[in-house]
Every structure is written in structure tokens, then in C-alpha cells.
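# Commentary on secondary and tertiary structure
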Amino acid sequence: QVTLVESGGGLVQAGGSLRLSCAASGRTFSSIAMGWFRQAPGKEREFVTAISRSGIILYYADSVKGRFTISRDNAKNTVYLQMNSLKPEDTAVYYCAATRGDSLRSRYEYDLWGQGTQVTVSS
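Before going into details, it helps to say that this report is about the structure given with it. As the structure is a prediction and not an experimental result, all values here were calculated from the model. (Residues numbered from 1 in each chain as written. Predicted model: local features only at pLDDT ≥ 70, side-chain atom pairs only at ≥ 80, totals over all residues. Heavy atoms only, no water.)

Another aspect to go through is the overall build of the protein chain. Of the regular secondary structure elements, the protein chain holds 0 helices and 11 strands. Put simply, the protein chain runs from its N terminus to its C terminus through helices and strands in the order β-β-β-β-β-β-β-β-β-β-β. By the compact-globule yardstick of 14 Å for 123 residues, the protein chain fits well, its C-alpha radius of gyration being 13 Å. Overall, the protein chain is about 40 × 25 × 25 Å in size when its C-alpha atoms are taken along their principal axes. Looking at the 123 residues of the protein chain, the share that counts as buried comes to 45%. Contacts in the protein chain between residues at least 24 apart in sequence constitute 58% of all its contacts with a sequence separation of at least 6. Of the side chains in the protein chain, 14 bear a positive and 10 a negative charge, and the two mean positions are spaced by 4 Å. (Helix = DSSP H or I, 4+ residues; strand = E, 2+ residues; numbered from the N terminus. Rg over C-alpha atoms; globule rule 2.2 N^0.38 Å. Buried < 20%, exposed > 50% of the residue type's maximum accessible area, 1.4 Å probe, protein only. Contact = heavy atoms within 4.5 Å. Lys, Arg positive; Asp, Glu negative; His and termini not counted. Charge placed at Lys NZ, Arg CZ, Asp CG, Glu CD.)

Right, here's the structure in full:
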């Protein structure tokens, strides 16, 4: 019922900022929690951040706390990831994902994934 499409990735210098968007189609967007994960070559997909259905409860990986901010706009069926103070180690393909579950830090909780968008941070 819901499809996800990420956008906003690209090349940015260390210390710079980037905002990713994830647009969802379907009528049930407000009933699902959303997360962002990332995967670098040769690495496992790791949790970055997630936001509850209400948009009030937020989760962040320790590696991005204070630098990344997740938000959602249910009227636009879109979730955002604002990334500031980017580091080369942030380089990865970033995926948004949707779930009706509650274990939002786990990639196994998510039922639906976007295609991913590449973020590359140069030194």
C-alpha cells in the first residue's frame, strides 16, 4: 500500500550539511513509524534514527546525536533527515523505512524500504 522514495543525497564536504527526504505514497502514512538506516560498502546496514507515528518520540544512534535531526510532515507524507556537521564516516547509502512495529532501532522491524540515496562526504 505504501511506497517510499528517498531523495536529497549527494556529495558534500566535511562539516557541511545535507537534508534527505523520503516521500511516501499511500493513505496510511500517519499510522506508521519511520526510520533511517545507512549502509557503507562491506558493512552491515545500521540504524541512524527513527521517529514515532506521532512525531514526538525520536531515536538516534550515538554516532549521529547532536548532528542529525529526523522529522516528519504527515500532511506531505514525508519524513526528513537533516544532517549537519557531516563527517567522512557518514558516507553511505541512506535508506528510509516504514514499520507499524515498535522496535524502531532494529532493521528487522521494518516492512518497507526505499531504494536508497547515496551520501558522500569528502575529507
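Turning our attention to the state of the cysteines. Tallied over the full model, the rule gives 1 disulfide. The side chain of C22 participates in a disulfide bridge whose partner is C96; the two sulfur atoms lie 1.9 Å from each other. Because the torsion about its S-S bond is 55°, the bridge between C22 and C96 counts as right-handed. Within this pair, whereas C22 is found in strand 3 (residues 18-25), its partner C96 is found in strand 9 (residues 92-99), the two being separated by 74 residues in sequence. Judged by relative accessible area, C22 falls into the buried class, the value being 0%. (Disulfide = S-S within 2.5 Å.)

Glancing now at unusual backbone geometry. Trans is the prevailing form of peptide bonds, just as negative phi is the prevailing case for residues other than glycine. Non-glycine residue N77 carries a positive phi angle of around 55°. With respect to the element layout, N77 can be found in the loop between strand 7 (68-73) and strand 8 (78-83). Judged by relative accessible area, N77 falls into the buried class, the value being 19%. The backbone of S85 shows a phi angle near 50°, a positive value even though the residue is not glycine. Checked against the element boundaries, S85 lands in the loop between strand 8 and strand 9. By relative accessible area, which is 41% here, S85 ends up partly exposed.

With that out of the way, let us pick up the environment of Y95. Counting through the fold element by element, Y95 comes out in strand 9. Given a relative accessible area of 14%, Y95 falls into the buried group. In this structure, the C-alpha to C-alpha distance between Y95 and I70, residues 25 residues apart in sequence, is 13 Å. Aside from chain neighbours lying at most four places away, what touches Y95 is E6, G35, W36, F37, Q39, R45, W113, G114, Q115 and G116.

Going residue by residue along strand 1 (residues 3-7), you find L4 and E6 tucked away on one face and T3, V5 and S7 left uncovered on the opposite face. Of the strand pairs in this sheet, strand 1 and strand 3 are connected by 5 bridges, and their pairing is antiparallel. Paired with T3 across the strands is S25, a residue of strand 3. (Pairing = 2+ DSSP bridges.)

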